[in-house]
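Descriptive structure summary
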Amino acid sequence: MRTVFAALGVIGLLALVAAPARSDDYVLTIKDHRFTPAELKVPANQRVAVTVINEDATAEEFDSGALKVEKVVAGKSKGVVRIGPLKPGRYPFIGEYHEATAKGVVIAE
Amino acid sequence: MLGALIIVFREVIEAGLIVGIVMAATRGVAGRGRWITIGIGGGVLGASVVAMFAGVISDAFQGAGQELFNAGVLSIAVVMLMWHNVWMARHGREIADEMRRVGTAVSEGARPLTALAVVVGLAVLREGSEVVLFLYGIMASGTSGSALLVGGVLGIAAGAAFTALTYLGLLAIPNRYIFSVTTWLIALLAAGMAAQAVQFLNNAGVVVALDRTLWDTSWLLSEKSIFGRLLHTLVGYIDQPTEMQLMVYIATLFATFLLMRIARPSPRRHAPAAAE
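Only a predicted model underlies this, so the values are computations on that prediction, with no experimental measurement involved.

Conventions we followed
- Residues numbered from 1 in each chain as written.
- Chains lettered and ligands numbered in written order.
- Predicted model: local features only at pLDDT ≥ 70, side-chain atom pairs only at ≥ 80, totals over all residues.
- Heavy atoms only, no water.
- Pairing = 2+ DSSP bridges.
- Helix = DSSP H or I, 4+ residues; strand = E, 2+ residues; numbered from the N terminus.
- Axes fitted to C-alpha atoms, helices over the stretch in contact; angles between N-to-C directions.
- Core = buried A, V, L, I, M, F, W, Y, C linked by side-chain atoms within 4.5 Å.
- Buried < 20%, exposed > 50% of the residue type's maximum accessible area, 1.4 Å probe, protein only.
- Contact = heavy atoms within 4.5 Å.

We now examine the sheet that holds strand S4 (residues 48-54) of chain A. Residue and element names in this part refer to chain A. With mixed pairing, four strands are arranged side by side in an open sheet as S2-S1-S4-S7. The open sheet terminates on both sides in strands that have one partner only, identified here as strand S2 (34-36) and strand S7 (77-83). Averaged over all pairs of adjacent strands, the angle between their axes in this sheet comes to 25°, without regard to strand direction. As paired strands, strand S1 (residues 26-31) and S4 are joined by five bridges and run parallel to one another. Across the sheet, the residue bridging to Leu28 is Val52, located in S4.

Here the focus is the nonpolar core. Counting 38 residues, the largest nonpolar core has B:Ile18, B:Ile21, B:Val22, B:Val78, B:Leu81, B:Leu170 and B:Met193 as its most contacted members. When residues of this core are traced back to their parent elements, those giving at least two are helix H1 (2-25), helix H2 (32-52), helix H4 (65-102), helix H5 (113-140), helix H6 (145-171), helix H7 (175-203) and helix H9 (243-263) of chain B. When residues of this core are assigned to their parent elements, the largest contribution, 10 residues, is made by H7(B). Once you skip the residues sitting within four places of it in the chain, B:Ile18 turns out to touch B:Val119, B:Ala123, B:Leu189, B:Met193 and B:Thr233. Counting residues in hydrophobic clusters, the runner-up holds 23 residues, among them A:Leu28, A:Val73, A:Tyr91 and A:Ala102.

Tracing the sequence through the fold places B:Thr163 in helix H6. For B:Thr163, the residues in contact, after removing those within four places along its chain, are B:Gly16, B:Val19 and B:Gly20.

Turning our attention to the pairing of strand S5 (residues 60-64) of chain A. Residue and element names in this part refer to chain A. For S5, the tally of buried residues reaches five of five residues, placing the bulk of the element in the interior. Every second residue of S5 is oriented toward a common face, with Glu60, Phe62 and Ser64 on one face and Glu61 and Asp63 on the other, all of them buried. Sheet topology note: the S5/strand S6 (residues 69-73) ladder contains five bridges and is antiparallel. Paired with Ser64 across the two strands is Val69, which belongs to S6. Linking two consecutive strands that pair antiparallel, namely S5 and S6, is a turn of four residues; a positive phi of about 60° is found at Lys68 within it. Across two bridges, S5 lies against strand S8 (residues 89-95) in antiparallel orientation. In the strand pairing of S8, Asp63 is matched with Ile94.

Any functional reading would require information beyond the geometric quantities listed.
Here's what the structure looks like:
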């Protein structure tokens, strides 16, 4: 878990260096059919782009009625999910192909 | 295995409903079996191609490729469904008269079967590509795959059975009503698809206006439940619709019936849908 966070931190830093001060650098990583982070905080009342990185070999469908998104992310690839503007609150999402483990929540605040 | 069965079944029934309705709408029309088969075959082929290029499609247009693709596919289907209804408004009466006279439909196959074949093909393509990706993932994961694969195949079979059930259910409707029933089903199908398409455009960042959620009835009937999904496909049920989605839904219904009214040959004839 710590390595994942470290990796995310590095990615975040790289992103900062590569594309400074972009407001939409939100990343969800799928590994072993789980989302990391399981809780993603985003600002309320604005459109946000979340990059979903699928590190598994199998495809996953990012699916959320609350966020109004259905997006297939092929194995070993990534996809961009555009959400919002959201009112402050909790917005659950799942990976439809592995619903038992792949779940998380977007927290708008 | 059961999990795989359910996931595949959920995807297949959405396309299955559409196929069932199209089959009912074209019952007795010469050559429709061939067109529907072409539609399904083309859809499966297309689904495999789409699944194969899922990554490429997804990355296109700054990562909005998949959304634009879905919106495009849905829009074409909406146009085809509308065209069918308008065509039927123009010629349906002759066909109905003919059916009454001979007791059975013997129409010449002059109906826009191509339009409906395209609708079937696109429905199968959209849901099918997700099934293909899912099953491919199972196969790629190796050892534990075979039971899941059996589940997936059973899911497809169950979905096909559901399609047959839809068709047979609609067949039970008396000849007299079948035209108005299928006309309404197709109009609602089109409106629901249009509302879906506009949300994909929103996700792609193309249409971002009027994106506030109007209401939330997910506590009552979740769009993700099986029954919610059926209603979603059938009449476009959305548990948390945006203003734009509602507007597009109503506009599509309105446009369909308006065009049908314009196309209707005799203005003296009572228009059953015009009052809506």
